[in-house]
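Report on the structure
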Amino acid sequence: MVDDEPGPVEPERDYMGLVRSTGEFSAYPPIADYGFLSDCEVTALVAPSGAIEWMCVPRMDCPSVFGAILDRRAGSFRFGPENVDVPADRRYLPGTMVLETSWDCGEGWIVVRDCLVMGPWRHEHPGRTTHIRPPTDYDAEHTLIRTVRCVQGSVQLALDCEPVFGYGMDRARWHRPEGGYHQAAAHDDGGLEITLTSDIRFGIEGSNARGRTLLREGDTRFCALSWGSRTPPKTYKEADKRVMWTAHHWQHWLARGHFPDHRWRSHLTRSALTLKGLSFAPTGAIAAAATTSLPETPRGERNWDYRYSWIRDATFALWGLYTLGFDWEANDYFAFVADLAERDGGDLQIVYGIDGTADLTERVLDHLQGYQDARPVRIGNAAYQQRQNDVWGTVLESVYLHTRSRDRLDERVWQVARQQVEHALEHWREPDRGIWEIRGEPKHFTSSKVMCWVAADRGARLARLRDEHDTARLWQKAANEIHEDICANALDDRGVFCQHYGTTALDASLLLMPLLRFLPPEDPRIRATVLAIADELTRDGLVLRYRVTETDDGLPGEEGTFTICTFWLVSALAEIGEQRRARDLCDKVLSYASPLLLYAEEIDPRSGRHLGNFPQAFTHLALINAVMHVIRDEQEARRQLLAGEAAVIPWQS
C-alpha cells in the first residue's frame, strides 16, 4: 500500500457520537424498542423481532442466559414468523406485563403473547424459600411462556432458542429428559438447568433448539422455558390459562392503586407496573434497572451495571408508591433499607445487591462486544465503595415519609433513624463523590450538604414526635448550622445555588431543593436556581446532570440529557409557580416515551434516542412525581375556576 493512500473514512458524527448519515447499519435494535417482562424475580427484554435478547436466571442480577443485547453471539430466544422481523403492532395487554405482538406476514396474521408467569403462592415452609418479606397471594412460577394464535391466512412459524450461559461464555448443552421432540433441557457447569417445552416439534443443532411449523387460521401453539420446580405446561390450553392468570394478577395489583382520571393516566399506570417489575419480591428491593452496560454515550465507556438497589432511590420510591396508593410495596422497600441499616450498624453503603449483598466488586467482561460496540461491558458496580454523604438524608426522609404514612414510630425504626442522623452530623463537613458518583476528586457537593441537612431536620421532627425534646433541640441546632453553611458557601453572585462550594457550575440535583423544602418555593434563591437550570443546563429543553466540561467526573466523552432531571425540573417549576411552563415541559418529555411507555436513563435531544440502562426505575419514579405535580395544579386551577363561576352565577333549582 502507498504510504499516503487515504485510509477508510470515518462517518461524520454529531456531538453525541451518533452517525449523521444513514449508511451505517446496526444489528442492535434501538434501546427504546425493547419490551420489558418481569415476574418480580427475573426480568427479560424482548426485541421487536420477537427475540428475547436479555434474561438472567434465576434472578435479575445473575449471569445472563440470553445476552444478545450486549453481543449478538451471547444468546437469544426468538418465537415469531419466519423471514419477517418487523411487527405490525406491539402493546401490553391493558394493565399487565403481558406483551402482545401482532405480525402481518403477507399471507396471514399471527398474534404472539409473552410473559413471565405469576401464579398462586405455593410455599409452605419459610426455610425453603428466599422470601423474607410478608408473603402475598402470588409468586413467580419461574417460567417464561410464549403463545401464538393464527388469526388469518397461513404463516410459517419459527422457534429458535439458543441460550449461552455465563454472560455469553458457556454455550448450552442440550439433552432430552423424556425423549421425543417436545422437550429438552440445557445446563451450565454451575448446575443451572433450563427446560424448553413446546407443542411444536423441535430439534437440537449444536447449542440451538430449533422448530418450524405452518400455522393456519385458528391454529395455536406455545413454548415455555422453565428453571424451577414448577411443572411447565404441556398443552396450549394450559399455557394460555397461565398467561391469562398472569394478566389477571397484574390487573388486580394495579387496581389497588389510586390514579387520577387524566390523559396522562397511562403513563402513571405503566410507570407503576414497571417499578413493580423492577422490584425483587423476596426482599422488597427495587433494582435501578433491568440491564447492565447499555451505554450513556454511543460507543463510549459510560457503561454501568444497574441491576442493584441504590439507597438513594428509597426516598423517591416512597414518594411515588405512597402517592399512588401502593403502601405494601413502599413498606417492603423501607423494610429492606431498615434491615440493611440494622445489619450494618447504621453504616450504610450507597448501593447493595437486591438480596442485600454488600460486595459488588466491579469487573469487565472483555469477551463481549457491547451494545453497538460500546465497551467496556461491566458487571458489579464499584460505586458501592464510594463515600456519598447524601445517603443519611435519604434514609431519614424515607423514615419520615414512612412514619407519616403510619402515624407512629416504633423503636426499631427510631434506632435506625438515630444512627443515620449521628453519621450525618459526624461527616457533613467532609467532601464526597456526590449524587452522580463522580470518579474524579471529592468535592463539597451542595446536594450532599442539603441531604445532611435533611437528616438533621427530619431527625429533629421525629425526635419531637417521640417527646425527646433535648435530642430534637440538638439536632435542630445542627440542621440550622448546615443550612447556614450551604447558604454562605454554595451561592454564586446571582443568588443561584451551584454544584459545589467554590464553583459557579450548575447541577440538576439542586432541583430537589424545593421538593425537600430546604427553602420555601417562593424564596428568590430557589426560584433563581430553578430558572437558571431550566435556561442554562438544558439541550432543547431537556436537562443535563451537569456540563462535563465543568465537572471532573473522571470519564471522557459527552452524555445525553438525564430524563430524571427533566422530570425534576417539571416538579420544581410547578413548585415555584411556573405551572404553564411545567405542563408544557411535562408534555414534551412524555412524548419521548418508548412505544410501550418505557424510559431508559437518558435521551439524546436531537434524535429522541434513548440511552443508558433500560427500563430505568429512577426515571419512572421521577415521572410519577412530576405528573402528579402538574395534575394537582390543573385540578386546583379547575376548582378555583368553578368556585369563581359559582360566585357569580345564581343557583338554579
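Refer to the structure presented above.
What this report covers is the structure whose coordinates are included nearby. (Residues numbered from 1 in each chain as written. Predicted model: local features only at pLDDT ≥ 70, side-chain atom pairs only at ≥ 80, totals over all residues. Heavy atoms only, no water.)

Here the focus is the overall build of the chain. The secondary structure content of the chain amounts to 14 helices and 27 strands. Since a compact globule built from 653 residues should have a radius of gyration of about 26 Å, the 26 Å found for the chain is in line with a globular shape. In terms of its C-alpha atoms, the chain occupies a principal-axis envelope of roughly 80 × 75 × 65 Å. Evaluated residue by residue, the chain yields a buried proportion of 61% over its 653 residues. Long-range pairs, those at least 24 residues apart, make up 65% of the contacts in the chain with a sequence separation of at least 6. Put simply, the chain shows about 25900 Å² of open surface, and 49% of that area lies on carbon and sulfur atoms. Placing the 73 positive and 96 negative side-chain charges of the chain at their respective mean positions leaves the two points 4 Å apart. (Helix = DSSP H or I, 4+ residues; strand = E, 2+ residues; numbered from the N terminus. Rg over C-alpha atoms; globule rule 2.2 N^0.38 Å. Buried < 20%, exposed > 50% of the residue type's maximum accessible area, 1.4 Å probe, protein only. Contact = heavy atoms within 4.5 Å. Areas by Shrake-Rupley, 256 points an atom, 1.4 Å probe, with all protein chains shown as cover. Lys, Arg positive; Asp, Glu negative; His and termini not counted. Charge placed at Lys NZ, Arg CZ, Asp CG, Glu CD.)

To continue, consider the packing of aromatic side chains. For any pair of aromatic rings, geometry is given as the distance between the ring centres together with the angle between the planes. Going through the model one piece at a time under the given rule, you end up with 18 aromatic pairs. Each ring, one from Y28 and one from Y371, has its centre 5.3 Å from the other, and the planes form 65°; the classification is edge-to-face. Taken together, the positions of Y28 in the segment before β1 (35–38) and Y371 in the loop between β21 (363–364) and β22 (378–379) put the pair 343 residues apart, joining distant regions of the chain. Assessed through its relative accessible area of 8%, Y28 is described here as buried. Residue class for Y371 comes out buried when judged on its relative accessible area of 1%. Three or more aromatic residues joined by ring pairs make a cluster, and in this case those are F316, W319, W436, F562, W568 and F618. The ring of F77 carries R146 above its face, with NZ or CZ at 5.0 Å from the centroid. Here R270 stacks its cationic end above the ring of Y92, 3.9 Å away from the centre of that ring. (Phe/Tyr/Trp six-rings, centres within 6.5 Å; stacked < 30°, edge-to-face > 60°. Lys NZ or Arg CZ within 6 Å of the ring centre and 35° of its normal.)

This paragraph deals with the sheet that holds strand β26 (residues 602–603). Taken in spatial order, the 3 strands of this open sheet run β25-β26-β27, and their pairing is antiparallel. This sheet does not close on itself; its edge strands, each paired only once, are β25 (561–562) and β27 (610–611). One ladder, built from 2 bridges, connects β25 with β26; its direction is antiparallel. Bridge pairing in β26 links F562 to E602. (Pairing = 2+ DSSP bridges.)

What follows concerns the side chain of N625. Its location among the elements puts N625 in helix α14 (residues 617–648). The buried category is assigned to N625, whose relative accessible area is 17%. For N625, the contacting residues outside a window of four places in its chain are W319, L515 and S571.

Their axes nearest at 11 Å, the elements helix α5 (residues 327–343) and helix α6 (residues 391–406) cross at an angle of 135°. Between α5 and α6, the angle is such that the two are oblique. Crossing of α5 against α6: the hand is left-handed. Judged by residue contacts, N331, F334 and V337 of α5 engage V395, S398, V399, H402, S405 and R406 from α6. (Axes fitted to C-alpha atoms, helices over the stretch in contact; angles between N-to-C directions. Parallel < 35°, antiparallel > 145°, perpendicular 65-115°, else oblique. Left-handed = near helix turned anticlockwise from the far one by under 90°.)

Once that is clear, we can look at the nonpolar core. Core analysis: the biggest nonpolar cluster contains 203 residues, and M55, F77, L196, F497 and W568 have the highest contact counts within it. Looking at this core, the element that brings in the most residues is α14, giving 11 residues. Ignoring any residue separated from it by four or fewer positions in sequence, one finds W568 in contact with F316, I435, W436, A508, S509, L511, L512, F618 and A622. Grouped together as the second largest cluster of nonpolar side chains are 11 residues, L93, V98, C115 and V243 included. (Core = buried A, V, L, I, M, F, W, Y, C linked by side-chain atoms within 4.5 Å.)

Enumeration according to the criterion identifies 46 salt bridges in this entry. In this structure, the salt-bridge partner of D305 is R307, at a minimum N-O distance of 2.9 Å. This pair shows no difference in class: D305 is buried, exactly as R307 is. Connected via shared salt-bridge partners are E82, D160, E205, R210 and R212. (Salt bridge = Lys/Arg side-chain N within 4 Å of Asp/Glu carboxyl O.)

Turning next to unusual backbone geometry. With the exception of glycine, the majority of residues adopt a negative phi angle, and the majority of peptide bonds are in the trans configuration. Of note, the amide linkage connecting V57 to P58 takes the cis form, showing an omega dihedral of 5°. Note that P58 resides in the loop between β3 (51–56) and β4 (64–66). Each neighbour pair has its own omega, and for F614 with P615 the value is -20°, a cis peptide bond. When you line up the elements, P615 lands in the loop between β27 and α14. Located in the positive-phi region is Q372, a residue other than glycine, with phi close to 50°. Among the structural elements, Q372 can be located in the loop between β21 and β22. Of the residues examined, Q372 reaches a relative accessible area of 11% and is grouped as buried.

Interpretation in functional terms is not warranted from these geometric data alone.
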